[in-house]
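Residue strings, one per chain:
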Amino acid sequence: MATPLEQWVEETAQHTRPKNIHWCDGSEAEYNKMIADMLASGTMLELNQKAYPNCYLHRSDPSDVARTEHLTFVCTSAKEDAGPNNNWMTPADAKEKVGKLFAGAMQGRTMYVVPYIMGPVTSPFSQLGVEITDSPYVAASMRIMTRMGKAALDRLGASGNFVKGLHSLGDLSPERRFIIHFPEERLIWSVGSGYGGNALLGKKCFALRLGSFMAREEGWLAEHCLILGIEEPSGRTTYIAAAFPSACGKTNLAMLIPPESQKGYKVFTVGDDIAWMHIGADGRLWAINPEAGFFGVAPGTNYKTNPNVMETIKRNSIFTNVALTPDGLPWWEGLDGDPPANAIDWQGKPWTPQSGTKGAHPNSRFTTPASQCPSISPHWEDPNGVPISAILFGGRRAKLVPLVYQSFNWQHGVFLGATMASETTAAATSAVGVVRRDPMAMLPFCGYNMGDYFGHWLAMGKRIKQAPLIFRTNWFRQSQEGKFLWPGFGENLRVLRWVIGRVHQEAGAVETPIGYVPRPQDIDTNGIAVSPTMLQELLAVDREGWIEASHGQREFLDKFGDRMPREIWQENEALEQRLKR
Ligand code: SAT
Ligand code: MN
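Residues numbered from 1 in each chain as written. Chains lettered and ligands numbered in written order. Predicted model: local features only at pLDDT ≥ 70, side-chain atom pairs only at ≥ 80, totals over all residues. Heavy atoms only, no water.

S.K.: Sorry, what's going on with the coordination of the manganese ion (ligand 2) here?
M.R.: Between any two of four tetrahedral donors, the ideal angle at the metal is 109.5 degrees; between two of six octahedral donors, it is 90 or 180 degrees. Of the protein atoms, only Lys204 (NZ), His224 (NE2) and Asp273 (OD) coordinate the manganese ion (ligand 2), at distances of 2.1 to 2.2 Å. Taken in chain order, the donor set of the manganese ion (ligand 2) reads K-x19-H-x48-D. Here the residue Lys204 occupies a position in helix α8 (residues 202-218), and His224 occupies one in the loop between β11 (221-223) and β12 (225-231), the gap between them amounting to 20 residues. Both residues of the pair, Lys204 and His224, count as buried. (Donors = N, O, S within 2.8 Å, 3.2 Å for Na, K, Ca; no water. Helix = DSSP H or I, 4+ residues; strand = E, 2+ residues; numbered from the N terminus. Buried < 20%, exposed > 50% of the residue type's maximum accessible area, 1.4 Å probe, protein only.)

Next comes the structure, spelled out in structure tokens:
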């Protein structure tokens, strides 16, 4: 008798007609063979093997360099269940429309069957997935980003309990590109794109969109959060989960190195993008990182902004859409040192600093094993995860939002997450730098109606004993003159120290209409160029601006009609009252 997996592979092969089928075992030999094949076909280029052993460069189609949110759908039976935050078709329409695109799509190509585990191999919170793909780049990347191959097949056995993901490059035309989720069937279909978030189906499609849907049914949380631990000089370690939109510095924060002035502190990385959080036996909230690698933004990454990741990506890594120097080194804007006098740009064209174009695509990425990260936490593969004491919601906001503030309680914290907004980045194909609402940094990733999602957060809060404290952060506030007020990067530890102080009831704050804001003396600015006036600006609560914001928030909440929990409306009203007082 064929297992459910074997049956599905067979059906899929009938429909997509691959030249041959390869079942991935996850071995090094298999990886090396895939790389060799891609080098031979030109899908991968070898980087300088002395400086970057086992590292390769991949160039994606120039029309296929970021997530395409307008082509991403959540196909629940009822439209309201997908909510205004998702594009929607009926599952039947989607199958009809997109099914056609898969017909014969793998002709002449190898079909890779990629079994994988999201989460540590033995964790009770981990989940199984299988991705069928005709892209060797995807199969190889999945080996870095997940626990892929034999371990997954062993855990799966003959069970049908896995998320199915079908992926084909198709013809890479944006006209025939769709990223479709069928949460009720635990099924993902992706065609026409080879880009990370669209094609590595374990990541955003499974771990967040389907994950959030499953989490609501099963009573846990799947969030767009990094996870880090901070060890203080006393030896006490506190774990924090932090949600920021794509390309807002999650990877850098997760790997923060305490600056000279913050001696005795240590930061441990558990994850840089996604957190699955369950209520543990002790009633606290415990988080695992479902991923095994980092898919980080290259531009701006250097030994100043993120030394740990610079060390991580030196071997066994795949670079996508970065520039290539004559010495075979990867290069991107913002890398240490001077730009190379000449290079090959991300599209494979000759480039010089005078070209007037970017050498690397602004959303160029590295795919690299988490285990290589110097700051990786000794608990990063702990089956139970790590206990979370604080949750941060952060955005990129030039104005209005203070450097950091704390919610009054869980419900108010959910409201702070729900009303978060951020300036857009190059991680999605749309205008960059526009302020858009991005609740909990989950707008592109919530696999169901966000009104219900906030309701789920509220319900979770009632079940967690010792709920994490919730904060908003904003490293990006600017002065009237348009200058960043806060140095960011390693110095963000000073803000995290206040957060930890609040967790352990050791740090002070002042109660304001928007929440508890640190007093100037509560943030250590010793040794950084943040003057008292700048700190004041960073922590200022602009009543007029917030009154305006609360009106904008009303408009946003209204979009969700009666799916928006009453409590969130009440919080907005309470905020307006406090501001007018
Ligand atoms: O969506 S990706 O996983 O490609 C990266 C991101 O936008 O967070
Ligand atoms: Mn992300």
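From this point on, the discussion continues.
S.K.: Please clarify how the domain arrangement of the chain should be interpreted in this entry.
M.R.: How big an interface is tends to be reported as the loss of accessible area on association of its parts. Split into domains, the chain comes out as domain 1 (4-44 + 67-219), domain 2 (223-289 + 380-580) and domain 3 (293-372). A straight line from the C-alpha centre of domain 2 to that of domain 3 covers 29 Å. Contact residues are listed per partner, giving 12 residues for domain 2 and 14 residues for domain 3. Summed over both partners, the interface of domain 2 with domain 3 buries about 1100 Å², with 64% contributed by carbon and sulfur atoms. Counting every contact that joins domain 2 to domain 3 gives 0 salt bridges. Put simply, domain 2 and domain 3 have 3 residue pairs in polar contact (both at pLDDT 80 or more) between them. (Domains from an automatic or database assignment. Contact = heavy atoms within 4.5 Å. Buried area = accessible area lost by both parts, 1.4 Å probe. Salt bridge = Lys/Arg side-chain N within 4 Å of Asp/Glu carboxyl O. Polar contact = N/O pair within 3.5 Å; in protein donor to acceptor, adjacent residues only side chain to side chain.)

S.K.: Is there a simple way to explain the sheet that holds strand β2 (residues 45-46) in this structure?
M.R.: Within a sheet, each strand pairs with its neighbour through backbone hydrogen bonds, oriented either parallel or antiparallel. Strand order in this open sheet of 5 strands is β2-β3-β18-β23-β17, and the pairing throughout is mixed. Of all strands in the sheet, those with a lone pairing partner are β2 and β17 (293-297), marking the two edges. Sheet analysis places β17 next to strand β23 (residues 365-369), joined by 5 bridges and oriented antiparallel. Across the sheet, the residue bridging to Phe295 is Thr367, located in β23. (Pairing = 2+ DSSP bridges.)

S.K.: Even after reading the chapter, I still don't get the packing of aromatic side chains, so can you show me in this structure?
M.R.: Given two aromatic rings, their pairing is described by the distance between the two centres and the angle made by the two planes. Counted under the stated rule, the structure contains 22 aromatic pairs. Seen in terms of ring centroids, Tyr448 and Tyr453 are 6.1 Å apart; in terms of plane orientation they differ by 70 degrees. Their pairing is edge-to-face. Taken individually, Tyr448 and Tyr453 each receive the classification buried, so the pair is uniform in this respect. Members of the aromatic cluster, connected to one another through ring pairs, are Tyr116, Phe206, Trp220 and Trp276. One residue, Lys95, lies across the ring of Trp189, its end atom 6.0 Å from the ring centre. The ring of Phe476 has Arg396 sitting right over it, with the charged end atom 4.3 Å from the ring centre. (Phe/Tyr/Trp six-rings, centres within 6.5 Å; stacked < 30°, edge-to-face > 60°. Lys NZ or Arg CZ within 6 Å of the ring centre and 35° of its normal.)

S.K.: Before we go on, may I ask you to explain the pairing of β23 in this structure?
M.R.: Each regular strand displays side chains that alternate between the two surfaces of the sheet. The element β23 is largely enclosed, with a buried count of 5 among its 5 residues. Burial along β23 is two-sided: the face carrying Arg365, Thr367 and Pro369 and the face carrying Phe366 and Thr368 are both buried. Across 3 bridges, the pairing between strand β18 (residues 318-320) and β23 is antiparallel. Within β23, the residue paired with Thr320 across the bridge is Arg365.

S.K.: In this structure, what is going on with empty space enclosed by the protein? I would like to understand it.
M.R.: Over the atoms, a rolled probe matching the size of one water molecule traces out where space is still vacant. Evaluation of the coordinates by the stated rule reveals 3 cavities of 30 Å³ or more. Pro245, Thr424, Thr425, Arg436 and Asp438 are the residues nearest the centre of the largest cavity, which is lined by 17 residues in total. (1 Å grid on protein atoms, 1.4 Å probe; cavity = no way out; pocket = protein on both sides within 12 Å on 5 of 7 lines; lining within 4 Å. Points joined across faces, edges and corners; volume = space filled by probe spheres on them.)

S.K.: For this particular structure, what's the right way to read the pattern of salt bridges?
M.R.: Pairing is possible between side chains that carry opposite charge, provided their charged atoms lie close to one another. The final tally for this structure, using the stated rule, is 28 salt bridges. Ionic pairing is found between Glu232 and Arg236, a salt bridge with its closest N-O pair at 2.7 Å. By relative accessible area, Glu232 is classed as buried at 12%. Through salt bridges with shared partners, one network takes in Lys203, Lys204, Lys250, Asp273 and Glu291.

S.K.: Any chance you could explain the state of the cysteines here in plain terms?
M.R.: Linking two cysteines covalently through their sulfur atoms gives a disulfide. In the structure shown here, the tally under the stated rule is 0 disulfides. Among the cysteines around Cys24, which has no disulfide bond, Cys205 carries the closest sulfur, lying 18 Å off. Under the relative-accessibility criterion, Cys24 is labelled buried at 1%. Not engaged in a disulfide, the cysteine Cys55 finds its nearest cysteine sulfur in Cys373; these two sulfurs lie 15 Å apart. (Disulfide = S-S within 2.5 Å.)

S.K.: I keep staring at the site of ligand 1 and nothing clicks. Help me out?
M.R.: Every residue near ligand 1 is listed here: Arg67, Tyr195, Gly196, Gly197, Lys203, Lys204, Ser246, Phe295, Arg365 and Ala427. Within the backbone of Gly197, one N or O atom sits 2.9 Å away from an oxygen atom of ligand 1. Burial of ligand 1 by the protein amounts to 98% of the accessible area it has alone, namely 250 Å². When atoms are counted within 2 Å of each cavity's grid points, the one that captures over half of ligand 1 is the largest pocket. Of all the elements in the fold, those that place two or more residues in the shell around ligand 1 are α7 (196-199) and α8. A breakdown of the residues in the shell around ligand 1 according to their chemical character gives 3 nonpolar, 3 polar and 4 charged. (Near = heavy atom within 4 Å. Areas by Shrake-Rupley, 256 points an atom, 1.4 Å probe, with all protein chains shown as cover. Sits in = over half its atoms within 2 Å of the grid points. Nonpolar A, V, L, I, M, F, W, Y, C, P; charged D, E, K, R; others polar.)

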